[in-house]
Amino acid sequence: MKRPLQLALILFTIVWCLAIVSAPLFHLAPVYLFFSRICHQIPSRTWHIYGAPLGLCIRCTSLSLGFLGGLFLLRVPNVRWLKISIAITALEWLFALTVVDSETLRALSGLLLGATAAPVIRTGVEELFIRVRTPHESM
Amino acid sequence: MNQCKQCGATLPQDSRFCLQCGTENTPASGRAAPQAELDFLKPAIMGGLALGVLSSIPYVSTCCCLWAAGGGALSAWLLQKQRPGGLKYSDGALGGLLGGLIGAFVATVISIPIQMVLLTPQAVDAMKAQLQQGQVPPEVVEMITRFLRPGFDLTRTLISLLVNMVGLGLFAMIGGIIAAAIFSKKTAE
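So, here's what we can say about the structure. (Residues numbered from 1 in each chain as written. Chains lettered and ligands numbered in written order. Predicted model: local features only at pLDDT ≥ 70, side-chain atom pairs only at ≥ 80, totals over all residues.)

Another aspect to go through is helix 2 (residues 66-82) of chain B. Over its 17 residues, helix 2 of chain B extends 25 Å from the first C-alpha to the last, a length consistent with the 24 Å expected when each residue adds 1.5 Å. Among the 17 residues in helix 2 of chain B, 14 count as buried, and that is most of the element. (Helix = DSSP H or I, 4+ residues; strand = E, 2+ residues; numbered from the N terminus. Expected span 1.5 Å × (residues − 1). Buried ≥ 20, exposed ≤ 12 C-beta atoms within 10 Å, placed from the backbone.)

See below:
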């Protein structure tokens, strides 16, 4: 049961990442509208394709791509690395606020956080799915 | 309560991986001690209220998915206070998801008076003009301007509720899982 669930999670993440990129390519208004609920979409803080902004800002796009990479590359959840990447992201945010706001640093910290969170979230989704399927055993 | 064979951290019942070092652990044989029943409702309401309010206030809401994940994390943190030995990832996921769905409802309700006050005909015209001058594709501008009507709009509110439920629910669940992993306590060495 876990294998199909893992594949479904990977498929969902691929569709999510494709939606980010295809919104400006195919002018998908519903995608922009959906992503507007979870991202500020400020054009100056967003990568562009052919002059149009991606569906999500640089940090959110990097998080999504890092998450996809983490699903493929990392098998075992490691909370220590997750804590470190959250701390790095928080430091980068403070650095951007006080010293210099760098697109590269935003992207790198997003990629790291997304990748380290991926195996943790995959495990959580697996456990939740098993729990919903067999509530009498796990509640 | 089981312990990690690698680092000695306390493991939630039936947890496959150590929440501290990530080592895979096979569940101990024999009957495990019964765990306290979790009350999901109160933590979910608290998390939902926090994320719903913060996600709907203009300017404060421009923190991407932070408030949604934060509300889910708050739900999970309140849950772990009921079970000090540590939560399962699925506890955090469920608490966060419920918090996200409650938060979606709260955010939609709060946005109604905000829209009625801020979306004046002049403000709507200014937003349309700004959109047309920006880098957004014309098809997207056309669709957004269709929804940009002054005051309260039922269709817009219902669509907003649906989008909130999916978006905020998803990220609150993610926040709940991450918090369940982070807030689990390590055994004193």
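Our next topic: the interface of chain B and chain A. In this assembly, 32 residues from chain B lie in contact with 34 residues from chain A. Sorting the residues of the side of chain B that touches chain A by element identifies helix 3 (89-118), helix 5 (138-147) and helix 6 (154-183) of chain B as the ones contributing at least two each. The biggest single contributor to the side of chain B that touches chain A is helix 6 of chain B, with 9 residues. Partitioned by chemical class, the residues of the side of chain B that touches chain A number 20 nonpolar, 9 polar and 3 charged. (Contact = placed C-beta atoms within 7 Å. Nonpolar A, V, L, I, M, F, W, Y, C, P; charged D, E, K, R; others polar.)

Of all residues except glycine, most have a negative phi; of all peptide bonds, most are trans. Residue and element names in this part refer to chain A. Non-glycine residue H27 carries a positive phi angle of around 55°. Along the chain, the position of H27 falls in the loop between helix 1 (2-26) and helix 2 (29-35). Given 18 C-beta atoms within a 10 Å radius, H27 is considered partly exposed. Of note in the backbone geometry, Y50 takes a positive phi value of approximately 50° without being a glycine. Along the chain, Y50 turns up in the loop between strand 1 (48-49) and strand 2 (52-53).

Looking at the element boundaries, C57(A) is found in the loop between strand 2 and helix 3 (58-73). As a C-alpha pair, C57(A) and C39(A) span 18 residues in sequence and 6.8 Å in three-dimensional space. Leave out the neighbours within four places in its chain, and C57(A) touches C39(A), H40(A), Q41(A), I42(A), R45(A), T46(A) and C64(B).

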